[in-house]
Amino acid sequence: MFLAIDDLHWADADSVALVSFLCRRMDQVPFGLIASLRPWPGRARDTAAQLMAEDHGSVLRLRPLTEQAAGSLLQARLGRQVPVAVRRRAFELSAGNPLLLEQLAVAMGTGADAPAAEISLAASGQGVLLSRFAGLADA
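Criteria and cut-off values
- Residues numbered from 1 in each chain as written.
- Predicted model: local features only at pLDDT ≥ 70, side-chain atom pairs only at ≥ 80, totals over all residues.
- Heavy atoms only, no water.
- Helix = DSSP H or I, 4+ residues; strand = E, 2+ residues; numbered from the N terminus.
- Core = buried A, V, L, I, M, F, W, Y, C linked by side-chain atoms within 4.5 Å.
- Buried < 20%, exposed > 50% of the residue type's maximum accessible area, 1.4 Å probe, protein only.
- Contact = heavy atoms within 4.5 Å.
- Axes fitted to C-alpha atoms, helices over the stretch in contact; angles between N-to-C directions.
- Parallel < 35°, antiparallel > 145°, perpendicular 65-115°, else oblique.
- Left-handed = near helix turned anticlockwise from the far one by under 90°.

Colleague: Explain unusual backbone geometry to me, please; I cannot follow it from the model alone.
Modeller: Glycine aside, a negative phi is what most residues show, and trans is what most peptide bonds show. Trp40 connects to Pro41 through a cis peptide bond whose omega is -15 degrees. Summarising the element assignment, Pro41 is placed in the loop between strand S2 (32-35) and helix H2 (42-53). Positioned with a positive phi, Ala95 is a non-glycine residue whose angle comes to about 55 degrees. Along the chain, the position of Ala95 falls in the loop between helix H4 (84-94) and helix H5 (98-109).

Colleague: What should I look at first to understand the nonpolar core in this one?
Modeller: Nonpolar side chains tend to gather and get buried jointly when the protein is soluble and globular. Of all hydrophobic cores here, the largest spans 12 residues; its members are Ala70, Leu73, Leu74, Leu78, Val82, Val86, Ala90, Leu93, Leu101, Leu104, Ala105 and Met108. Those elements that provide at least two residues to this core are helix H3 (67-78), H4 and H5. Here Leu78 is in contact with Ala105, Met108 and Gly109, once residues within four sequence places are set aside. Val19, Cys23, Met26 and Leu51 belong to the second-largest nonpolar core, a separate cluster that totals eight residues.

Colleague: Sorry if this is basic, but what is going on with the packing of H4 against H5 here?
Modeller: To describe two helices that pack against each other, one gives the angle between their axes and the distance between the axes. Between H4 and H5, the least distance of the axes is 9 Å, while the angle of their chain directions is 135 degrees. Considering the angle they form, H4 stands oblique to H5. The chirality of how H4 crosses H5 is right-handed. Within the contact between the two elements, H4 uses Val86, Ala90, Leu93 and Ser94 and H5 uses Leu100, Leu101, Leu104 and Met108.

As structure tokens, this is what we get:
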């Protein structure tokens with residue numbers, strides 16, 4: 001059996017406990033598990049760290065995209081060439097986070113450009129996410 005879990009960080013305490021239980025018994029049965037999670041909320045992360053400490057698994061941390069990869073993603077999503085300065089600004093604003101790059105591409109696809117250089121990473125990243133997922137206006 002193979003089990004894949006996405007967004008384990010949102011799991012409730014009982015579900016995380018079940019995953020922990022299964023991982024501790026994987027060597028007794030033909031069973032595999034891959035789960036993705038963010039570092040917050042911390043319950044799943046702490047459980048994964050404990051399982052690793054007990055040699056019941058391993059964790060692979062995804063790295064941010066490189067500036068070149070971020071530019072390629074942006075251009076692929078927009079379906080056109082993007083000036084180097086705009087690609088660089090999008091990379092700076094997203095810190096290589098593919099989700100933020102995708103949202104910048106959505107905004108840029110409607111005619112907007114990458115936010116101006118004076119806008120901070122935190123403010124623009126939050127604005128991109130708020131406008132996309134909460135349907136809030138830029139203001």
